[in-house]
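# Architecture at a glance
Next come the chains, spelled out residue by residue.
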Amino acid sequence: GQQVMQIPQYQHVQEGEDFTTYCNSSTTLSNIQWYKQRPGGHPVFLIQLVKSGEVKKQKRLTFQFGEAKKNSSLHITATQTTDVGTYFCAGSGNTGKLIFGQGTTLQVKP
Amino acid sequence: GAVVSQHPSWVICKSGTSVKIECRSLDFQATTMFWYRQFPKQSLMLMATSNEGSKATYEQGVEKDKFLINHASLTLSTLTVTSAHPEDSSFYICSGTKGPYEQYFGPGTRLTVT
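The sections below set out a description of the structure shown in this document. (Residues numbered from 1 in each chain as written. Chains lettered and ligands numbered in written order. Predicted model: local features only at pLDDT ≥ 70, side-chain atom pairs only at ≥ 80, totals over all residues. Heavy atoms only, no water.)

Now for the sheet that holds strand β7 (residues 67–73) of chain B. Adjacent strands of a sheet form backbone hydrogen bonds with each other and so pair up, either parallel or antiparallel. All names here are of chain B. The strand order β1-β3-β8-β7 describes an open sheet built from four strands, whose pairing is antiparallel. Two strands close off the open sheet at either side, each with one partner strand: β1 (4–7) and β7. Averaged over neighbouring strand pairs, the angle between their axes works out to 15° when direction is ignored. With six bridges connecting them, strand β3 (residues 19–25) and strand β8 (residues 76–81) associate as antiparallel partners. Residue Val19 lies in a different strand from β8, and its bridge partner there is Val81. (Pairing = 2+ DSSP bridges. Helix = DSSP H or I, 4+ residues; strand = E, 2+ residues; numbered from the N terminus. Axes fitted to C-alpha atoms, helices over the stretch in contact; angles between N-to-C directions.)

In structure tokens form, the structure reads like this:
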């Protein structure tokens, strides 16, 4: 079945450093979504990418969707302590179901 | 906005008993609701997809007789864990959709079976 792989699993950075998490799907996706989950909290929707090669920015966050619609990345510029949490990508195929990646847990040292 | 609530937020039950978890979309009608479980430091695993007025569709490996899902209205879905065992202890999260893509997640229910 469809699988979504996400790396790295953990990332520790110094405040101010950049951070990137990568997501790869075994099949072509109709769209990919990114969520952030704070410790003890629930996933919160960040963004959705639909078009091949799409790039979207939200302040210090840059999201990319690959040309083949099988991979995606989230890049955070100049991390802050408020960026701490687990970032999940979630891919949707033609069934509409979301398949979540394993998540990347970001720790930021002040 | 799109707010989803879950009740209870946490529950402790004895092995062999059943537990019902409610998921409500507070300010929108959720055409579809999803139930996930999340073990500590792991990802969300989809358990089932629920559409109002019809039977839920369960993912492979999820026992439909153990995890009973009822989607009685466009704003309410319930998950009942029947004859719970310690291995059922987990974080159960529901989500609702009002459009084709974005899912709105509830705050989750932490179930502990002793």
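That shown, we press on.
What follows covers the pairing of strand β1 (residues 4–7) of chain A. Residues and elements named next belong to chain A. Burial along β1 is one-sided: Val4 and Gln6 are buried, and none of Met5 and Ile7, which face the opposite way, are. Where β1 meets strand β3 (residues 19–25), four bridges bridge the pair, whose relative direction is antiparallel. Bridge pairing in β3 places Val4 opposite Ser25. (Buried < 20%, exposed > 50% of the residue type's maximum accessible area, 1.4 Å probe, protein only.)

Turning to unusual backbone geometry, a few remarks are in order. All names here are of chain A. The omega torsion across Ile7 and Pro8 is -5°, close enough to zero to call that bond cis. Take Pro8: it is sitting in the loop between β1 and β2 (10–14). We note that Lys59 has phi near 55°; this positive angle belongs to a residue other than glycine. Inspection of the secondary structure assignment puts Lys59 in the loop between β6 (55–58) and β7 (61–65). You will see that Ala78, though not glycine, has its phi angle at about 50°, which is positive. By secondary structure assignment, the location of Ala78 is in the loop between β8 (71–76) and β9 (85–92).

Side-chain pairing between opposite charges can occur once the charged atoms of the two side chains come close. Enumeration over the complete set of coordinates arrives at five salt bridges over all chains. The salt bridge involving Lys97(A) is made with Glu59(B); its shortest N-O contact spans 2.8 Å. Of this pair, Lys97(A) sits in the loop between β9 and β10 (98–100) while Glu59(B) is found in the loop between β6 (57–58) and β7, placing the two residues in two different chains. The partly exposed category is assigned to Lys97(A), whose relative accessible area is 22%. The exposure class assigned to Glu59(B) is buried, which follows from its relative accessible area of 18%. A salt bridge links Glu22(B) to Arg24(B); the nearest nitrogen and oxygen atoms lie 3.5 Å apart. (Salt bridge = Lys/Arg side-chain N within 4 Å of Asp/Glu carboxyl O.)

Glancing now at the interface of chain B and chain A. With 18 residues of chain B at the interface, the matching set in chain A holds 17 residues. The junction of chain B with chain A conceals about 1400 Å² of combined surface from both sides, 56% of it contributed by carbon and sulfur atoms. A per-residue breakdown of the area chain B buries against chain A is headed by Ser43(B), Tyr101(B) and Phe105(B), which together make up 36% of the total. Taken together, the connections running from chain B to chain A amount to one salt bridge. (Contact = heavy atoms within 4.5 Å. Buried area = accessible area lost by both parts, 1.4 Å probe.)

Attention shifts here to the nonpolar core. Ranked by internal contacts, the top residues of the largest apolar core, which has 24 residues, are Trp35(B), Leu79(B), Tyr92(B) and Leu111(B). Considering every element that reaches this core, the biggest residue donor is β3(B), with three residues. Residues within four places of Tyr92(B) in sequence aside, it is in contact with Gln6(B), Ile21(B), Tyr36(B), Arg37(B), Met47(B), Phe67(B), Leu79(B), Gly108(B), Thr109(B) and Leu111(B). Among the nonpolar cores identified, the runner-up in size contains 20 residues, and Val4(A), Phe19(A), Leu29(A) and Leu74(A) belong to it. (Core = buried A, V, L, I, M, F, W, Y, C linked by side-chain atoms within 4.5 Å.)

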